[in-house]
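# Structure at a glance
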Amino acid sequence: MSITRRAFIKSMAIHSAVVAASAMFPDISFGAWKEKDIPSGGIHWNKAPCRFCGTGCGLLIGVSGDRAVAVKGDPNCSVNKGLCCVKGYHSIQILYGKDRVRKALVRKNGKMVEVPLTEALDLVAEKMQETIKSHGKDAVSMYGSGQWTIPDGYAASKLFKGCIGTNNVEANARLCMASAVTGFLTSFGLDEPMGCYEDIDNADVFITWGNNMAEMHPVLFSRMLANRKSKGHVKIIDFATRTSRSSQAADKSILFKPQTDLAVANAICYEIIRNNWVNWDFVNKHVSFHKGKTNIGYGTEDHFKFKDKPETVDFNQYKAFLKDYTPELVEKMSGVSAKDIKYMASLYGNPDKKVTSFWTMGMNQHTRGTWINNLVYNIHLLVGKISTPGNSPFSLTGQPSACGTVREVGTLTHKLPHGVVMKEKARKMAAEIWQVPVENIDPKPTYHTVEMFRALDRGDIMFMWIQVTNPMVTMPNLKRYRDGSLKGGRFIVVSEIYPTPTYDIADVVLPSAMWIEREGFFGNSERRTQHWDQMVPPPGDAMCNTWQLIEVARRMGYNKQFSWSRETYIQDIWNEYTRFHDNPKHRMAPYTVLKERSGVQWPFVDGMETRWRYNAEYDPAAKSEDFHFYGKPDNRAWIWLRPYEPAAESPDSEYPFWLNTGRVLEHWHTGSMTRRVPILHRAVPEAYVEINPDDAAQMGITNGSKVKIISRRGSIVMKASINGRGNPPKGMVFVPFFDESYLINEVTLDAFCPISKQPDYKKCAVRLERA
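Residues numbered from 1 in each chain as written. Predicted model: local features only at pLDDT ≥ 70, side-chain atom pairs only at ≥ 80, totals over all residues. Heavy atoms only, no water.

### Regarding the overall build of the chain
A count of helices and strands for the chain gives 27 helices and 29 strands. What you see for the chain is a C-alpha radius of gyration of 25 Å, in line with the 28 Å of a compact globule of 771 residues. A buried classification covers 66% of the 771 residues belonging to the chain. A fraction of 73% describes how many contacts in the chain between residues 6 or more apart in sequence connect residues 24 or more apart. Considering the chain, the positive charge centre built from 97 side chains and the negative charge centre built from 81 side chains are found 2 Å apart. (Helix = DSSP H or I, 4+ residues; strand = E, 2+ residues; numbered from the N terminus. Rg over C-alpha atoms; globule rule 2.2 N^0.38 Å. Buried < 20%, exposed > 50% of the residue type's maximum accessible area, 1.4 Å probe, protein only. Contact = heavy atoms within 4.5 Å. Lys, Arg positive; Asp, Glu negative; His and termini not counted. Charge placed at Lys NZ, Arg CZ, Asp CG, Glu CD.)

Structure follows, in structure tokens:
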């Protein structure tokens, strides 16, 4: 990071008084304005989904003149019912940082200089065409985001996959939700949750699997607490590797050793079967049993390939497989007592209790991420607690449109908006809608995210366009990929709103319009599509990412495919895109309906939203008297035999600590937005390393003293936090990654789940030294 940017962030002056927003849950925040400063024209309120996480909280944005001046929760949004978290209440301030990128920049003679936006767009198109001519179509790439709007991702996929003919399209949701996708696909044949947030109001028990919801999804956690308070009997079980604020609010906190959630999940299933808690009517009618390959590797080498080989087995084979996972045996490997394992099994097994399981990165950022998703589904399927109000295995997302833009639009190398590139039927549909020859759409996926950046390092990719994400902070084993991006001949385009470490490697920076400065759609964790209108003008020459893509596509000669008008292109894109999903299993709401409402869940059939998929009482696509798992060819949900396998890297005598990374309540992802909001920056001004008090005492480390964290890949020095908001067990340290001054991903390992290709940011080996 440049010294100038570090000095700016660390010395930000306090803005004008923030009326009421200093409270955790105010009724309204006036951002950087004082209420008396609002112009006489008053405030006009407009709906928009929150810009942070994947919860999809509805906001009402107060606009006066050309400026957003106030925020409150949208009481008409069923997601948050008028409540917001601290980031939501301060969200409009992300628009108004003093160092906002307002002009296009091009690197000339080693320095970034401002140029007219048209010149920069000309150069982007020219460099793409030059690269394709010199190195082939697979030498150009697009790296996007779960913060992309749906039109952004759709335009990118159409340009790269349909027109250019390369599958080099990936998004940062590969780093956060890919294991959720492959978990859904392998267990149910279709992606995304079967339940909805109404499960929170109906459940008797919540079990959070490695998920600090109090900080990561605070509005949903507040709904859980409200349910418990109103009913009295409701229980919250925090199952995690570290004590957090969620642990403190839970009825019971159970800690497990990293990676052994696999073994504990199998032990719970063992107990369910041993105690005859299986819902046999459900299992016999709706479940089949399968196994796949084992000892599947970790992806640490370039060009790593893996393909699973499913085999059908029967219940008796599954029961025999679980004999290696008795609670007593699993206690020895996991550190979870047999008593606690049996307790969790009894909660799932009790037919009178409705159970919802929640998870996010703890299960997904995992070298066996697909497997642990499968195993939690196994638990729910054995007891039939699925697809009914309050009974739900629920993977939450960490970005506002990781579902809507990445998973539904299909902005991953193997995906299309409906189906995968490997399927001829899906390619033909895309070719017809996109008006391109079907031969343009390559049937072979190219690079998933980690391999895409490896390809950039190797020189297989020479051009990369990065939008709405900050990979030079977020990539694991970061130094390799930053150094690779700076090698000779590489050309990097970055669409950005603020200077970041990714901005620093760019050859061209395009200034982007953000959030309510343009019209858009997001898709949240519960299959809810949310629309908002443009409310304020973007600063300077900033342009919507969708329109940047359209401008470049036209310069490359694809006017026919990108003929939309500036006045109606968002609606036109929506109407074109939804043709891909025009069936009862995934039909989307019309544009006019989305404009009227604070979000609509799909499938949207005959004017009705689908709250619980696969349940014939709620899902029009379910063709049975009760449940119909229509995603799989046998019309059943699949229980998988998935064993425990160790992490890619574990502590040893040289590197005796686990390193775990994640987020904090006040900041979001790499902090490029939230660190420019004064009240959030003051709350947590810099990153730190959490150390167990006993480990700290043994090493002579005190709170606030400097500690060097060292792995086989790199090192970093930062301050210690002891007995702070989080407390890791002995032998583990935790570091949040929001602070670009402390690039903890120079220390992490780029191992990933071989099925989902999602990296594991939760487990690598480090040692500590006093600095």
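### Considering the packing of aromatic side chains
Counted by the stated rule, this structure contains 37 aromatic pairs. Both rings, one in Phe-184 and one in Tyr-377, keep their centres 5.4 Å apart while their planes meet at 40°; by these two values the pair is tilted. Taken as a pair, Phe-184 in helix H5 (residues 178-188) and Tyr-377 in helix H16 (residues 369-383) lie far apart in primary sequence, 193 residues in all. The exposure class assigned to Phe-184 is buried, which follows from its relative accessible area of 0%. A relative accessible area of 0% means that Tyr-377 is categorised as buried. Aromatic side chains Phe-282 and Phe-627 sit 5.3 Å apart centroid to centroid with 80° between the ring planes, which places their arrangement in the edge-to-face category. In this pair, Phe-282 sits in helix H11 (residues 280-286) while Phe-627 sits in the loop between strand S22 (608-609) and strand S23 (637-641), placing the two residues 345 residues apart along the sequence. For the pair Phe-282 and Phe-627, one class covers both residues: buried. Three or more aromatic residues joined by ring pairs form one cluster here, namely Phe-184, Phe-188, Phe-282, Trp-359, Tyr-377, Tyr-614, Phe-627, Phe-629 and Tyr-630. Across from the ring centre of Tyr-96, 3.8 Å away, lies the NZ or CZ of Arg-67, which sits over that ring. (Phe/Tyr/Trp six-rings, centres within 6.5 Å; stacked < 30°, edge-to-face > 60°. Lys NZ or Arg CZ within 6 Å of the ring centre and 35° of its normal.)

### Observations concerning the packing of helix H13 (residues 327-334) against helix H14 (residues 338-349)
Closest axis-to-axis distance for the H13/H14 pair is 8 Å, and the angle between their directions is 120°. Every pair of crossing elements has a handedness; the one defined by H13 and H14 is right-handed. On the side of H13, the interface is formed by Pro-327, Glu-328, Val-330 and Glu-331, while H14 contributes Ala-338, Ile-341 and Lys-342. Classifying every residue of the contact of H13 with H14 by side-chain character gives four nonpolar, no polar and three charged. (Axes fitted to C-alpha atoms, helices over the stretch in contact; angles between N-to-C directions. Left-handed = near helix turned anticlockwise from the far one by under 90°. Nonpolar A, V, L, I, M, F, W, Y, C, P; charged D, E, K, R; others polar.)

### A closer look at the pattern of salt bridges
All told, the structure shown has 52 salt bridges when counted by the stated rule. Between Glu-690 and Arg-242 there is a salt bridge; the shortest N-O distance is 2.7 Å. Of the two residues, Glu-690 sits in strand S25 (residues 689-691) while Arg-242 sits in the loop between strand S9 (235-240) and helix H9 (245-249), which places them 448 residues apart along the sequence. The class for Arg-242 is buried, based on a relative accessible area of 9%. A salt bridge links Asp-302 to Arg-480; the shortest N-O distance between them is 2.9 Å. With Asp-302 in the loop between strand S11 (287-291) and strand S12 (311-313) and Arg-480 in helix H21 (residues 478-485), the pair connects residues that are 178 residues apart, well separated along the chain. (Salt bridge = Lys/Arg side-chain N within 4 Å of Asp/Glu carboxyl O.)

### Topic: the nonpolar core
Residues Phe-188, Trp-209, Ile-268 and Tyr-318 are the most contacted members of the largest nonpolar core, which totals 91 residues. Setting aside chain neighbours within four positions, we find Trp-209 in contact with Phe-239, Asp-261, Ala-265, Ile-268, Tyr-348, Ser-357, Phe-358, Trp-359, Met-363, Ile-372, Val-376 and Ile-379. Core analysis: the next-biggest nonpolar cluster, separate from the first, contains 65 residues, Tyr-154, Leu-416, Phe-562 and Trp-602 among them. (Core = buried A, V, L, I, M, F, W, Y, C linked by side-chain atoms within 4.5 Å.)

### As for a positive patch on the surface
Taken together, the side chains of Lys-293, Lys-307, Lys-309 and Lys-423 define a basic patch exposed on the protein surface. Under the relative-accessibility criterion, Lys-307 is labelled exposed at 67%. (Patch = residues over 30% accessible without salt bridge, like charges linked within 9 Å, V, L, I, M, F, W, Y side chains within 5 Å. Areas by Shrake-Rupley, 256 points an atom, 1.4 Å probe, with all protein chains shown as cover.)

### Considerations on the sheet that holds strand S8 (residues 205-209)
The strand order across the open sheet formed by five strands is S10-S9-S8-S13-S14, and the pairing between neighbours is parallel. The open sheet is flanked by strand S10 (252-255) and strand S14 (392-395), the only strands paired with a single partner. Across the sheet, the mean angle separating the axes of adjacent strands is 15° when strand polarity is ignored. (Pairing = 2+ DSSP bridges.)

### Focus on the confidence of the model for the chain
When pLDDT is averaged along the chain, the result is 94, and 95% of the positions lie at 70 or above. Counting interchain partners and residues more than four positions distant, the pLDDT-below-50 stretch residues 1-26 has 63 contacts. (pLDDT = per-residue confidence, 0-100.)

### Quick notes on the sheet that holds strand S15 (residues 463-467)
Here we have seven strands laid out as an open sheet, ordered S5-S4-S17-S16-S15-S6-S7, and mixed in their pairing. The two strands at the open ends of the sheet, each matched to only one other strand, are strand S5 (111-115) and strand S7 (169-171). Across the sheet, the mean angle from the axis of one strand to that of its neighbour is 20°, orientation sign disregarded. Two strands pair when backbone bridges link them, and strand S16 (residues 491-496) and strand S17 (residues 508-511) are joined in this way by four bridges, in the parallel orientation. Note on S17: the bridge partner recorded for Ser-495 is Leu-510. Docked against the sheet, helix H4 (residues 150-164) engages strand S6 (140-144) and S7, running at close to 160° with respect to S6.

### Side note on the state of the cysteines
Applying the stated rule across the entire model yields zero disulfides. Cys-57 supplies the cysteine sulfur nearest to Cys-53, a cysteine that is in no disulfide, at a spacing of 6.0 Å. Classification of Cys-53 by relative accessible area gives buried; the value is 11%. Unpaired in terms of disulfides, Cys-753 finds its nearest cysteine sulfur in Cys-176, a separation of 14 Å. (Disulfide = S-S within 2.5 Å.)

### Thoughts on the environment of Ala-697
Inspection of the secondary structure puts Ala-697 in helix H27 (residues 693-699). The class for Ala-697 is exposed, based on a relative accessible area of 60%.

### Topic: the side chain of Asp-739
Position of Asp-739 among the secondary structure elements: in the loop between strand S28 (732-736) and strand S29 (764-770). Overall, the relative accessible area of 0% leaves Asp-739 in the buried class. In terms of polar contacts, Asp-739 uses its side chain to reach the side chain of Arg-675, at 3.4 Å. Among the polar contacts made by the side chain of Asp-739, one reaches the main-chain amide nitrogen of Ala-687 at a distance of 3.0 Å. (Polar contact = N/O pair within 3.5 Å; in protein donor to acceptor, adjacent residues only side chain to side chain.)

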